[in-house]
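So you can see what is in the structure, the chains are spelled out below.
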Amino acid sequence: MKKHFHNILALLMSFVVLCSTMSFTVNMHYCGKTLVDVALFKDAKTCGMNMQQSLDSFEDVYKKKGCCTDKQLAYEGQDELKISLDKLSFEQQIFVVSLYTSYLDLFEQLEPSSIPFKEYPPPCLVKDIQILHETFLI
């Protein structure tokens, strides 16, 4: 159970890192106030009502306004990930060293104490004295 929990947690954390570092854009095309098309990672398809631009003069094209609008939503992912540990500041290095040494102290084994009767066998019991005298601990 614990192994499965760790696997699920690792998968979830890798998904969080992937989503936080990924960049994407959403393109939307409106005809009037109606949403015609939404596209992810590419340009949205137009409704086909693009106005014909005359090549007469730039001012004429600039003055004419069509009913179609394009909107773009861009999400920039995180690019500032620290991959190497050699660029840590002095305070961060002190923190890492103190955390490491205090964590190792939690698992330090105690020296086994000497047991004087370790090599002697226990005595043979002929009768169980507690049951014989009916003395039981409550």
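Residues numbered from 1 in each chain as written. Predicted model: local features only at pLDDT ≥ 70, side-chain atom pairs only at ≥ 80, totals over all residues. Heavy atoms only, no water.

Colleague: What am I meant to see in the overall build of the chain here?
Modeller: Tallying secondary structure elements over the chain gives four helices and three strands in all. Counting helices and strands in the order they occur from the N terminus, the chain gives α-β-β-α-β-α-α. Partitioning the intrachain contacts of the chain with sequence separation of at least 6 by distance along the chain shows that 44% fall at a separation of at least 24. (Helix = DSSP H or I, 4+ residues; strand = E, 2+ residues; numbered from the N terminus. Contact = heavy atoms within 4.5 Å.)

Colleague: Is there a simple way to think about the side chain of Asn27 in this case?
Modeller: Counting through the fold element by element, Asn27 comes out in strand β1 (residues 24-31). Within the structure, the side chain of Asn27 is placed 3.4 Å from the side chain of Gln72, a separation counted as a polar contact. (Polar contact = N/O pair within 3.5 Å; in protein donor to acceptor, adjacent residues only side chain to side chain.)

Colleague: How do you make sense of the packing of aromatic side chains when you look at a structure like this?
Modeller: Aromatic ring pairs are reported here in terms of the distance separating the ring centres and the angle at which the planes meet. Applying the stated criterion across every chain, the model contains one aromatic pair. Here the aromatic rings of Phe24 and Tyr75 are separated by 5.4 Å at their centres, their planes lie at 40°, and the arrangement is tilted. Within this pair, whereas Phe24 is found in strand β1, its partner Tyr75 is found in strand β3 (residues 68-75), the two being separated by 51 residues in sequence. Using a relative accessible area of 40% as the deciding quantity, one classes Tyr75 as partly exposed. (Phe/Tyr/Trp six-rings, centres within 6.5 Å; stacked < 30°, edge-to-face > 60°. Buried < 20%, exposed > 50% of the residue type's maximum accessible area, 1.4 Å probe, protein only.)

Colleague: Can you walk me through a nonpolar patch on the surface in this structure?
Modeller: A cluster of nonpolar side chains, namely Phe5, Leu9, Leu12, Met13 and Val16, defines an oily patch on the protein surface of about 480 Å² accessible area. By the element assignment, Leu12 lies in helix α1 (residues 2-21). A residue is classified by how much of its surface remains accessible, and Leu12, at 46% relative accessible area, is partly exposed. (Patch = residues over 30% accessible without salt bridge, like charges linked within 9 Å, V, L, I, M, F, W, Y side chains within 5 Å. Areas by Shrake-Rupley, 256 points an atom, 1.4 Å probe, with all protein chains shown as cover. Salt bridge = Lys/Arg side-chain N within 4 Å of Asp/Glu carboxyl O.)

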